[in-house]
Amino acid sequence: MDTQELRQQQIIKAAEVIRHDDYSFDQPAFIAGADVGFEQEGEVTRAAIALLRYPSLELVEYHIARINTTMPYIPGFLSFREYPALLAAWEKLQQKPDLLFVDGHGISHPRRLGVASHFGLLVDVPTIGVAKKRLCGKFEPLGPEVGAKQPLMDKGEQLAWVWRSKVRCNPLFVATGHRVSTDSALMWVERCMRGYRLPEPTRWADAVASNRPAFQRWQALPPALGIEE
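Residues numbered from 1 in each chain as written. Predicted model: local features only at pLDDT ≥ 70, side-chain atom pairs only at ≥ 80, totals over all residues. Heavy atoms only, no water.

J.: Explain the environment of serine 56 here, please?
T.: With respect to the secondary-structure elements, serine 56 resides in the loop between strand 2 (44–53) and strand 3 (58–68). Along the chain, serine 56 and alanine 29 lie 27 residues apart, while their C-alpha atoms are 9.8 Å from each other. (Helix = DSSP H or I, 4+ residues; strand = E, 2+ residues; numbered from the N terminus.)

So, in structure tokens, the structure goes:
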């Protein structure tokens, strides 16, 4: 794998990312969450996309795509490993979202192209990165209260908000993915919280991917409540 070529691709694509609000809705009709994992010791890439109606945040459609992993794990280049499965799941969606949350980094990446930015560019949808761990940059300590936040700074620019979504939980790193500003990214994440650490779109994507009890309960409901694969 030619990492020099991948690095050059990242630099080119990062320059194409739109970091300001570039969407026409006052309120989206649908918001999706995307989550990627690996199975069979990394041989299979699994992507889940959960589509929620807004503002009720009820799950209405979901898809899981499993494909053979196309490249090995290389730190700093994870988006190239993850996006093929995300595209496969995206193509199955009957209803495309107005706004997309991705479990991963947006511009809060050493070369400003985490998976949320990379995938957001590919599908050209307003996208927000919601990551659980820091990849680069520095921030001041957060207070213990819900809503405490600090800017994630790197080389003199703010890459994300480090934001405490729940007490006694590590903060989230909320960043521009594509076509959403840093401040608006946090605003939309705040609007999609329902008392858990993660916002509902990525929480549901994880629930679908891992077949968690919440998703099992949803599957037991009458199918009129949504579209199933």
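Next comes the rest of the description.
J.: Would you mind showing me how to read the packing of aromatic side chains here?
T.: The description of an aromatic ring pair rests on the distance of the ring centres and on the angle between the ring planes. For the structure shown, the criterion picks out nine aromatic pairs. Ring geometry for phenylalanine 139 and phenylalanine 173: centres 5.7 Å apart, planes at 75°, overall edge-to-face. Separated by 34 residues along the polypeptide, phenylalanine 139 in the loop between strand 5 (127–131) and strand 6 (149–154) and phenylalanine 173 in strand 8 (residues 172–178) bring together distant segments of the chain. What links up through ring pairs into an aromatic cluster is the set Tyr23, Phe25, Tyr54 and Trp188. (Phe/Tyr/Trp six-rings, centres within 6.5 Å; stacked < 30°, edge-to-face > 60°.)

J.: Sorry, what's going on with helix 3 (residues 115–123) here?
T.: One turn of an α-helix holds 3.6 residues; hence residues three or four places apart share an orientation. Burial runs high along helix 3: eight of the nine residues are buried. For helix 3, the complete set of buried residues consists of Val115, Ala116, Ser117, His118, Phe119, Gly120, Leu121 and Val123. Tucked into the core, helix 3 has its buried residues touching helix 1 (3–16), helix 2 (78–90), strand 4 (99–102), strand 5 and strand 8. Of the residues one or two after helix 3, aspartate 124 is the one with positive phi, at around 55°. (Buried < 20%, exposed > 50% of the residue type's maximum accessible area, 1.4 Å probe, protein only. Contact = heavy atoms within 4.5 Å.)

J.: Please explain the packing of helix 2 against helix 3 as it appears in this structure.
T.: The axes of two packed helices give the description: the angle between them and the distance between them. Relative to each other, helix 2 and helix 3 sit at 45°, their axes nearing to 10 Å. Overall, the two elements helix 2 and helix 3 adopt an arrangement that is oblique. In this structure, helix 2 crosses over helix 3, and the sense of that crossing is right-handed. Residues Ser79, Phe80, Glu82, Tyr83, Leu86, Leu87 and Trp90 of helix 2 form the contact with helix 3, whose own contacting residues are Val115, His118, Phe119, Leu122 and Val123. Here the residues of the contact of helix 2 with helix 3 are counted per class, giving nine nonpolar, two polar and one charged. (Axes fitted to C-alpha atoms, helices over the stretch in contact; angles between N-to-C directions. Parallel < 35°, antiparallel > 145°, perpendicular 65-115°, else oblique. Left-handed = near helix turned anticlockwise from the far one by under 90°. Nonpolar A, V, L, I, M, F, W, Y, C, P; charged D, E, K, R; others polar.)

J.: I would appreciate a short explanation of helix 1 in the present structure.
T.: Between its first and last C-alpha, helix 1 extends 20 Å over 14 residues, near the 20 Å set by a 1.5 Å rise per residue. Of the residues making up helix 1, those classed as buried are Leu6, Gln10 and Ala14. Across the axial projection of helix 1, the buried residues extend over an arc of 75°, all falling on one side. In this structure, helix 1 carries Gln4 and Ala15 as exposed residues pointing more than 90 degrees from its buried face. Against the buried residues of helix 1 lie helix 2. (Expected span 1.5 Å × (residues − 1). Arc of directions from axis to C-beta.)

J.: Help me out: how do you make sense of the layout of surface pockets in this one?
T.: Over the atoms rolls a probe the size of a water molecule, and its path tells where empty space is left. Of the voids in this model, the largest pocket is the one considered here, and its volume is about 490 Å³. Considering the residues around the largest pocket, the lining is formed by 22 residues, among which Leu78, Glu82, Asp103, Gly104 and His105 are closest to the centre. Within the residue set of the lining of the largest pocket, elements represented by two or more residues are strand 1 (30–39) and helix 2. Class assignment for the residues of the lining of the largest pocket results in ten nonpolar, six polar and six charged. (1 Å grid on protein atoms, 1.4 Å probe; cavity = no way out; pocket = protein on both sides within 12 Å on 5 of 7 lines; lining within 4 Å. Points joined across faces, edges and corners; volume = space filled by probe spheres on them.)

J.: Please explain the pairing of strand 5 as it appears in this structure.
T.: The two faces of a sheet get side chains in turn, since along a regular strand they alternate between them. Here strand 5 lies mainly inside the structure; five of its five residues are buried. Residues Thr127, Gly129 and Ala131 of strand 5 are buried on one face, and the alternating residues Ile128 and Val130, pointing to the opposite face, are buried as well. Tracing the backbone out of strand 4, into helix 3 and back to the parallel element strand 5 gives a crossover that is right-handed. By the bridge criterion, five bridges tie strand 5 to strand 8 in an arrangement that is antiparallel. Considered in strand 8, the bridge of threonine 127 is made with histidine 178. (Right-handed = clockwise from strand over helix to strand, strands pointing away. Pairing = 2+ DSSP bridges.)

J.: Just checking my understanding: could you explain the nonpolar core for this structure?
T.: When a protein is soluble and globular, its nonpolar side chains tend to lie buried together. By size, the foremost hydrophobic cluster in this structure holds 33 residues, and its most contacted members are Leu99, Phe101, Ile128, Val189, Trp204 and Phe215. Looking at this core element by element, the count peaks at five residues for helix 5 (residues 200–210). The residues contacting valine 189, other than those within four sequence positions of it, are Phe101, Ile128, Val130, Trp163, Val174 and Pro199. Ile49, Val60, Leu100 and Phe119 belong to the second largest nonpolar core, which has 21 residues in total. (Core = buried A, V, L, I, M, F, W, Y, C linked by side-chain atoms within 4.5 Å.)

J.: Explain the pattern of salt bridges here, please?
T.: Pairing is possible between side chains that carry opposite charge, provided their charged atoms lie close to one another. Scanning the model with the defined rule gives eleven salt bridges in all. Of the charged contacts in the structure, one is a salt bridge between lysine 132 and aspartate 103, with a shortest N-O distance of 2.6 Å. In this pair, lysine 132 is assigned in the loop between strand 5 and strand 6 and aspartate 103 in the loop between strand 4 and helix 3, connecting sequence segments 29 residues apart. Under the relative-accessibility criterion, lysine 132 is labelled partly exposed at 33%. In this structure, glutamate 200 and arginine 203 form a salt bridge, with 2.7 Å as the shortest nitrogen-oxygen distance. Of this pair, glutamate 200 and arginine 203 both sit in helix 5, three residues apart, which is roughly one turn of the helix. (Salt bridge = Lys/Arg side-chain N within 4 Å of Asp/Glu carboxyl O.)

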